Amino acid sequence: MARMKKKTELPTKTCLVCTRPFAWRRKWARDWEQVIDCSARCRGMAKGASAKKI
């Protein structure tokens, strides 16, 4: 059985929308390289901002 890591030991990224740091989550294990935003709210803000630029 694998030992749990502390949150401070997990890899982090900076959200491109809100510019806040966020940590790795188990649900992102398969596609951590493609994750660019920290939450559904930021994902929605990014989509809304690109649609308004038209």
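Everything below is about the structure printed above this text.
This structure is a prediction, so every number in the text was calculated from the model and none was measured.

Enquirer: I keep staring at the nonpolar core and nothing clicks. Help me out?
Expert: In summary, soluble globular proteins display a tendency toward joint burial of nonpolar side chains. If you look at the biggest cluster of nonpolar residues, it comprises seven residues: C15, F22, W28, W32, V35, C38 and C42. Among residues more than four places away in sequence, those in contact with W28 are F22, A23, V35, D37 and C38.

Enquirer: Would you mind going over the environment of C18 with me for this structure?
Expert: Within the element layout of this structure, C18 appears in the loop between β1 (12-14) and β2 (21-23). C-alpha of C18 to C-alpha of R41: the two residues are 23 residues apart in sequence and 9.9 Å apart in space. Sequence-distant contacts of C18, defined by excluding residues within four places in its chain, comprise C38 and C42.

Calculation rules
- Residues numbered from 1 in each chain as written.
- Predicted model: local features only at pLDDT ≥ 70, side-chain atom pairs only at ≥ 80, totals over all residues.
- Heavy atoms only, no water.
- Core = buried A, V, L, I, M, F, W, Y, C linked by side-chain atoms within 4.5 Å.
- Buried < 20%, exposed > 50% of the residue type's maximum accessible area, 1.4 Å probe, protein only.
- Contact = heavy atoms within 4.5 Å.
- Helix = DSSP H or I, 4+ residues; strand = E, 2+ residues; numbered from the N terminus.

By themselves, these are just geometric observations and shouldn't be taken as functional.
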